[in-house]
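# Observations on the three-dimensional arrangement
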Amino acid sequence: MNAEQVIDRFRATGALLEGHFQLTSGLHSTVYLQCALVLQFPENAEAFGRAIAEQYRDDGIRLVASPAIGGIVIGHEVARALGARFVWTERESGQMTLRRGFTVAPGEKTLVVEDVITTGGSTRETIEALKHAGANVAAAASIIDRSGGSVDLGVPRTALATLKVLSVDPSVCDACKLGEPAVKPGSRKEKN
Ligand SMILES: [Zn+2]
């Protein structure tokens, strides 16, 4: 599955919108992503999971770990395709951590999987939580990289598709300069 095919599945399900958007961060972008909309179809989650797994087929990955909630569906599919175990991290008092009795074997070779990497924040926190638990975090992967490839997680990283469109402060937003109103996608009802 190439990057274009991945993006096509996002477009077909309304998971990738193009226009002028105000993101929850307050930043503006010409692209809005809502991964849940493409992953609501299990055949898409399965196909993306297989494509990510293919990149790590020979790496001896025993454990896949993802940050809740966004990473759970895709992480689970990657683990299934690799024949690995799957756990997730979640926040407890603001700290990303393994809960629910999840444990890691010492040195267990682990792949961290996210749906979208933007700043890499939650992925980085998940890597730290897994390392803290004793895992050997070999790499990180996402369906989409919307950092333009700029995020450094301290481990090798892959994405099925990389978006070059960055998010910008409204003060330097080209669409704002043209006088176009920014849309908050979550509150938009007339489309999709
Ligand atoms: Zn704008």
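Source: prediction; values computed, not measured.

What follows covers the overall build of the chain. Each helix and strand in the chain was counted, giving 6 helices and 8 strands. Taken from N to C terminus, the helices and strands of the chain fall in the order α-β-β-α-α-β-α-β-β-β-α-β-β-α. On C-alpha atoms alone, the chain measures out to a radius of gyration of 17 Å, which is about the 16 Å that the 2.2 N^0.38 rule sets for 192 residues. The principal-axis extents of the C-alpha atoms in the chain amount to approximately 55 × 35 × 30 Å. The buried share of the chain, reckoned over its 192 residues, is 44%. In the chain, of all internal contacts separated by at least 6 residues, the share reaching a separation of at least 24 is 60%. Here the chain has roughly 9,800 Å² of accessible surface; of this, 49% comes from carbon and sulfur atoms.

Nonpolar side chains in soluble globular proteins tend to be buried together. Phe10, Phe48, Val64, Val78, Leu111, Ile143 and Ile144 are the most contacted members of the largest nonpolar core, which totals 34 residues. Put simply, the parts of the chain that give this core at least two residues each are helix H1 (3-12), strand S2 (28-33), helix H2 (35-39), helix H3 (42-54), helix H4 (72-82), strand S6 (109-117), strand S7 (136-145) and strand S8 (157-162). The contacts of Val78, once residues within four sequence positions are left out, are Gly49, Ile52, Ala53, Val64, Leu111 and Val113. If you look at the next biggest cluster of nonpolar residues, it comprises 15 residues, including Val104, Val112, Ile127 and Val155.

Overall, mixed pairing links the 6 strands, which are arranged S5-S4-S3-S6-S7-S8 in an open sheet. Edge positions in the sheet fall to strand S5 (95-98) and S8, since each of these pairs with one other strand and no more. Taking the axes of each pair of neighbouring strands and ignoring which way they run, one obtains an average angle of 25 degrees across the sheet. Here 5 bridges tie S7 to S8, and the two strands are oriented parallel to one another. Note that in S8 the partner of Asp145 across the bridge is Thr162. Sitting on the sheet, H3 touches S7 and S8, and the angle it makes with S7 is about 135 degrees.

What follows covers the environment of Arg99. Note that Arg99 resides in the loop between S5 and S6. Put simply, Arg99 and Cys173 are 74 residues apart on the chain and 41 Å apart in space, counted from C-alpha to C-alpha.

Let us look at the packing of H3 against H4. It is the contact of H3 with H4, at a shortest axis distance of 8 Å, that shows an interaxial angle of 55 degrees. Judged on the interaxial angle alone, H4 and H3 are oblique. Seen from above, H3 lies across H4 with right-handed handedness. Packed against H3, whose contacting residues are Ala45, Glu46, Phe48, Gly49, Arg50, Ile52 and Ala53, the element H4 presents Val73, Ile74, Glu77, Val78, Ala81 and Leu82 at the interface. Grouping the constituent residues of the contact of H3 with H4 by class yields 9 nonpolar, 1 polar and 3 charged.

A word on the pairing of strand S1 (residues 16-22). Pairing geometry for S1 and S2, over 5 bridges, is antiparallel. Across the sheet, residue Leu17 finds its bridge partner in S2, namely Tyr32. Between the antiparallel neighbours S1 and S2 lie 5 residues, among them Gly26 with a positive phi of about 95 degrees.

What follows concerns the coordination of the zinc ion. Six octahedral donors around a metal ideally make angles of 90 or 180 degrees; four tetrahedral donors ideally make 109.5 degrees. Bound to the zinc ion on the protein side are His20 (NE2), His28 (ND1), Cys173 (SG) and Cys176 (SG), at distances that span 2.0 to 2.3 Å. Relative to the metal, the 4 donor atoms surrounding the zinc ion lie at angles of 93 to 125 degrees, and the coordination shape comes out tetrahedral. Using a relative accessible area of 5% as the deciding quantity, one classes His20 as buried. Note on His28: relative accessible area 5%, which makes it buried.

In this section: the environment of Ala47. With respect to the element layout, Ala47 can be found in helix H3. Measuring from C-alpha to C-alpha, the distance between Ala47 and Met1 comes to 8.0 Å, with 46 residues separating the pair along the chain. In this structure Ala47 touches Met1 and Arg9, once residues within four positions along its chain are discounted.

Thresholds, definitions, all that
Residues numbered from 1 in each chain as written. Predicted model: local features only at pLDDT ≥ 70, side-chain atom pairs only at ≥ 80, totals over all residues. Heavy atoms only, no water. Helix = DSSP H or I, 4+ residues; strand = E, 2+ residues; numbered from the N terminus. Rg over C-alpha atoms; globule rule 2.2 N^0.38 Å. Buried < 20%, exposed > 50% of the residue type's maximum accessible area, 1.4 Å probe, protein only. Contact = heavy atoms within 4.5 Å. Areas by Shrake-Rupley, 256 points an atom, 1.4 Å probe, with all protein chains shown as cover. Core = buried A, V, L, I, M, F, W, Y, C linked by side-chain atoms within 4.5 Å. Pairing = 2+ DSSP bridges. Axes fitted to C-alpha atoms, helices over the stretch in contact; angles between N-to-C directions. Parallel < 35°, antiparallel > 145°, perpendicular 65-115°, else oblique. Left-handed = near helix turned anticlockwise from the far one by under 90°. Nonpolar A, V, L, I, M, F, W, Y, C, P; charged D, E, K, R; others polar. Donors = N, O, S within 2.8 Å, 3.2 Å for Na, K, Ca; no water. Tetrahedral: all angles 85-135°; square planar, octahedral: opposite > 155°, others 65-115°.

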